[in-house]
Amino acid sequence: VAIARALAQQPKVLLADEPVASLDPATCHVVMDYLKKVNQELGITILANLHFLSLVREYATRVIALKAGEIVFEGNPNQITEDWFEKIYGAGTKEVQIH
């Protein structure tokens, strides 16, 4: 409903703050597929805050990673290696994947 309400305003950019944070994996992909469709078919830029790198790699075309308010990475999602992941989230963290 929130996405529909936002689209009714005919935005050029849609801000999606953790749009799938509390969803199960199947519903998560439904929402992300819809946001991708909005981007591709309506030409609306989607700016999303995502914490699951597997979703970032599947849906994002550009990534900006922040740590303590500073940009620590900017580029293609497939360029985020395990080393970059640790720099962004801290040593010893493990990536959680959603399939």
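Heads up: the structure comes first, above all this text.
Residues numbered from 1 in each chain as written. Predicted model: local features only at pLDDT ≥ 70, side-chain atom pairs only at ≥ 80, totals over all residues. Heavy atoms only, no water.

Participant: I keep staring at the overall build of the protein chain and nothing clicks. Help me out?
Facilitator: Looking only at helices and strands, one finds four helices and four strands in the protein chain. Moving toward the C terminus, one meets the helices and strands of the protein chain in the order α-β-α-β-α-β-β-α. A burial count over the protein chain gives 28% of its 99 residues as buried. In the protein chain, of all internal contacts separated by at least 6 residues, the share reaching a separation of at least 24 is 48%. With the model as given, the accessible surface of the protein chain reaches about 7000 Å², and the carbon-plus-sulfur share is 53%. The averaged location of the 12 negative side-chain charges in the protein chain is 5 Å from the averaged location of its 9 positive side-chain charges. (Helix = DSSP H or I, 4+ residues; strand = E, 2+ residues; numbered from the N terminus. Buried < 20%, exposed > 50% of the residue type's maximum accessible area, 1.4 Å probe, protein only. Contact = heavy atoms within 4.5 Å. Areas by Shrake-Rupley, 256 points an atom, 1.4 Å probe, with all protein chains shown as cover. Lys, Arg positive; Asp, Glu negative; His and termini not counted. Charge placed at Lys NZ, Arg CZ, Asp CG, Glu CD.)

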